[in-house]
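Summary of structural features
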Amino acid sequence: MSALLSPEDLKRQALANVQHVVESAEDAASTANPALTALRDNSLAALKAVVFPGRKTEQWKYTSLQPLADGHLNQRATAAATPADLPKLGDYRLVLVNGRLDESTSALPDGVTLKREASRLEGLTTPFALYNGAALDDAITLEVAANTDVAGTVQVIHYADGDQPAHCNTRLEVVLGTGSRMTLIEQYLGRGPVLTNAVTAIETRDNAHLSHYRLQSEARDSLHIGTLLLRQSGVSRIDSYQLMAGNRLRRNDVRAFIDKSGAELNMNGIFVARDRTHIDNQLCVEHRVPDCTSNQVYRGLAGEKGKAILNGRIHIHPGASGTLAELSNKNLLLNPGAEIYTKPELEIYNDDVKCAHGATVGQLDAGQQFYLQARGVPLAEAKRMLSLGFVNELVMGLPDQTVADWAQPWLAGELGQSRSADEEAA
């Protein structure tokens, strides 16, 4: 564990990391997949012009990059074997280990094509997203053919593995052609103190429908900085479900561009920060055309010394009349030592819209806890039951039964894994 750094030290460390990122990208250029050369060059040029965020950066106000001082950016995670016990939640499974595709897992359903390439995309502007493009040595793009109803669920597992502080870059791009339908499960797992720097970019065209599950449950000592980019270039529907547990540092930047009138976006999420883990969610939905709909519902829980953040922004552009957009974020503090920060934002440049947002932070109801304890339920179990009830509506609303069956014991484990001093005494 590195010593704590002052703000000045953190600034110098961030600048040093930027320089090392650039040098790492330049070193990787000669050994990585040649199909990624243009992306690496463009990302590297953009990376040189940006500065890593500090605590005075508004969107990083509650998240420190102090954990990176342990040297994660100084070492790339080496190749590792695919674990034999990875979960199978889909009919077809792709596995990337430390950002590299295990080719033995590349079977896909009819109508879905895999390419080992990635694109330069609008919206990937953060330093870590640019670093991802600059330092990639592998990537996968899934293209769903027009008028294809994909038979079976596709699961993509990103597995990070390492014994020392290191990092890996993983990239997934998905394009749904006109009239296509697909269910995609994207799962992040891992072992050891590895930083996963992830980018997922999804595009849907006319009459396409995507159900997307993003499950994040790496080891507690791991780090994750991820970007999810959604682009609806056609009259399409995206149903997005995000379930995430805290770790040493978890940052999720989600940006959605709605670019075709009639498109519909639904985003639902559950995040749990226990012990001293950290989760920072930054959401932004860009309504750029008329007559579109977006709905965001997120539930957060934090216990012990856990910290959770959600900043949700809805941006209505001047020409986006007839927009219907809503954001709801309800949060639950499991004990006084936990922290939750939530800030919904509306930025509206058109009067002919209907928008709403709301956020709450509360605690477990003491009366309900007493009711359960009076009937013989231990305090720790009573808290777990009430916490599960707080998010049960979203869990029961998961359309994919396999994911729902995975989520229920996962949540029960996350909510029952730690006990505070008063619970121990009880």
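Let us look at the structure shown here.

Cut-offs applied
- Residues numbered from 1 in each chain as written.
- Predicted model: local features only at pLDDT ≥ 70, side-chain atom pairs only at ≥ 80, totals over all residues.
- Heavy atoms only, no water.
- Buried < 20%, exposed > 50% of the residue type's maximum accessible area, 1.4 Å probe, protein only.
- Helix = DSSP H or I, 4+ residues; strand = E, 2+ residues; numbered from the N terminus.
- Pairing = 2+ DSSP bridges.
- Axes fitted to C-alpha atoms, helices over the stretch in contact; angles between N-to-C directions.
- Contact = heavy atoms within 4.5 Å.
- Salt bridge = Lys/Arg side-chain N within 4 Å of Asp/Glu carboxyl O.
- Left-handed = near helix turned anticlockwise from the far one by under 90°.
- Nonpolar A, V, L, I, M, F, W, Y, C, P; charged D, E, K, R; others polar.
- Phe/Tyr/Trp six-rings, centres within 6.5 Å; stacked < 30°, edge-to-face > 60°.
- Lys NZ or Arg CZ within 6 Å of the ring centre and 35° of its normal.
- Parallel < 35°, antiparallel > 145°, perpendicular 65-115°, else oblique.
- Core = buried A, V, L, I, M, F, W, Y, C linked by side-chain atoms within 4.5 Å.

This part covers helix H3 (residues 127-135). Most of H3 is tucked away, with nine of its nine residues classed as buried. Within the sequence span of H3, burial applies to Pro127, Phe128, Ala129, Leu130, Tyr131, Asn132, Gly133, Ala134 and Ala135.

Read from one edge of the open sheet, nine strands run E3-E4-E6-E8-E10-E12-E14-E16-E18, paired in mixed fashion. Either end of the sheet is taken by a strand with one partner, and the two such strands are strand E3 (112-115) and strand E18 (339-348). Here the average twist between neighbouring strands, direction ignored, is 10°. As defined by bridge partners, strand E10 (residues 223-232) adjoins strand E12 (residues 249-258) across ten bridges and the pair is classed as parallel. Looking at E12, one finds that threonine 227 is bridged to aspartate 253. Across the sheet, H3 lies against strand E6 (166-176), strand E8 (194-204) and E10, angled at about 90° from E6, the strand it touches most.

Scanning the entire structure with this criterion turns up 28 salt bridges. The partner of arginine 116 in a salt bridge is glutamate 103, and the shortest N-O contact between them spans 3.2 Å. Of this pair, arginine 116 sits in the loop between E3 and H3 while glutamate 103 is found in the loop between strand E2 (100-101) and E3, placing the two residues 13 residues apart along the sequence. Since its relative accessible area comes to 28%, arginine 116 is described here as partly exposed. With relative accessibility at 54%, the residue glutamate 103 sits in the exposed group. Between glutamate 286 and arginine 255 there is a salt bridge, with the nearest N and O atoms lying 3.1 Å from each other. Placement of the pair is glutamate 286 in strand E14 (residues 278-287) and arginine 255 in strand E12, with a sequence separation of 31 residues. Judged by relative accessible area, which is 3%, glutamate 286 ranks as buried. Among the ionic contacts, a cluster of salt bridges with common partners joins Glu122, Arg231, Asp259 and Arg288.

The next point concerns the sheet that holds strand E7 (residues 181-191). Taken together, ten strands build an open sheet; the order of strands is E2-E1-E5-E7-E9-E11-E13-E15-E17-E19 and the sheet is mixed. Either end of the sheet is taken by a strand with one partner, and the two such strands are E2 and strand E19 (353-363). Pairing of strand E1 (residues 92-97) with E2 involves two bridges; the strand directions are antiparallel. In the strand pairing of E2, leucine 96 is matched with leucine 101. Along the sheet, helix H5 (residues 379-396) contacts strand E13 (264-273), strand E15 (293-302) and strand E17 (323-333); its crossing angle with E15, the most-contacted strand, is approximately 155°. Strand contacts of helix H6 (residues 401-416): E7, strand E9 (209-216), strand E11 (237-245), E13 and E15, with the helix running at about 30° to E11, the strand carrying the most contacts.

Attention shifts here to the pairing of strand E4 (residues 140-144). Taken across its five residues, E4 has four buried, putting it largely inside the fold. Inspection of the sheet shows E3 paired to E4 by four bridges, in the antiparallel sense. Each residue of the ladder has a partner; that of threonine 113, found in E4, is glutamate 143. With five bridges joining them, E4 and E6 adopt parallel strand pairing. The residue bridging threonine 141 from the neighbouring strand is glutamate 173, located in E6.

The subject of this paragraph is the packing of helix H2 (residues 37-47) against H3. Between H2 and H3, the shortest axis-to-axis distance is 7 Å and the interhelical angle comes to 145°. Where H2 crosses over H3, the handedness of that crossing is left-handed. Contacts from Leu39, Arg40, Ser43, Leu44, Ala46 and Leu47 in H2 reach Pro127, Leu130, Tyr131, Gly133 and Ala134 in H3. Looking at the contact of H2 with H3 residue by residue, the classes come out as eight nonpolar, two polar and one charged.

With that settled, consider the packing of aromatic side chains. Tallied over the full model, the rule gives four aromatic pairs. Relative to phenylalanine 128, the ring of tryptophan 60 lies with its centre 6.2 Å away and its plane at 35°, an arrangement referred to as tilted. Taken together, the residues span a long stretch of sequence, with tryptophan 60 in the loop between H2 and E1 and phenylalanine 128 in helix H3 at a distance of 68 residues. Residue classification places tryptophan 60 among the buried residues on the basis of a relative accessible area of 7%. The ring of tryptophan 60 carries the charged tip of arginine 251 above its face, separated from the ring centre by 3.8 Å. Stacked on the ring of tyrosine 371, the Lys or Arg arginine 375 has its end atom at 3.7 Å from the ring centre.

Moving on, we get to the packing of helix H4 (residues 366-374) against H5. Contact geometry of H4 with H5 gives a least axis separation of 9 Å together with a crossing angle of 125°. Here H4 lies oblique to H5, going by the angle between them. Viewed along their axes, H4 and H5 form a crossing whose handedness is right-handed. Packed against H4, whose contacting residues are Gln368, Gln369, Leu372 and Gln373, the element H5 presents Leu379, Ala382, Lys383, Met385 and Leu386 at the interface.

What follows concerns the nonpolar core. With 43 residues, the main nonpolar core has Leu142, Val156, Val174, Met182, Leu184 and Leu265 as its most contacted residues. With four residues, the single largest contributor to this core is E13. The residues contacting leucine 265, other than those within four sequence positions of it, are Leu230, Gln232, Ile238, Ala256, Ile258, Val285, Thr293, Ser294 and Asn295. Formed by 29 residues, the second largest nonpolar core is a distinct cluster that contains Leu215, Tyr241, Val297 and Leu415.

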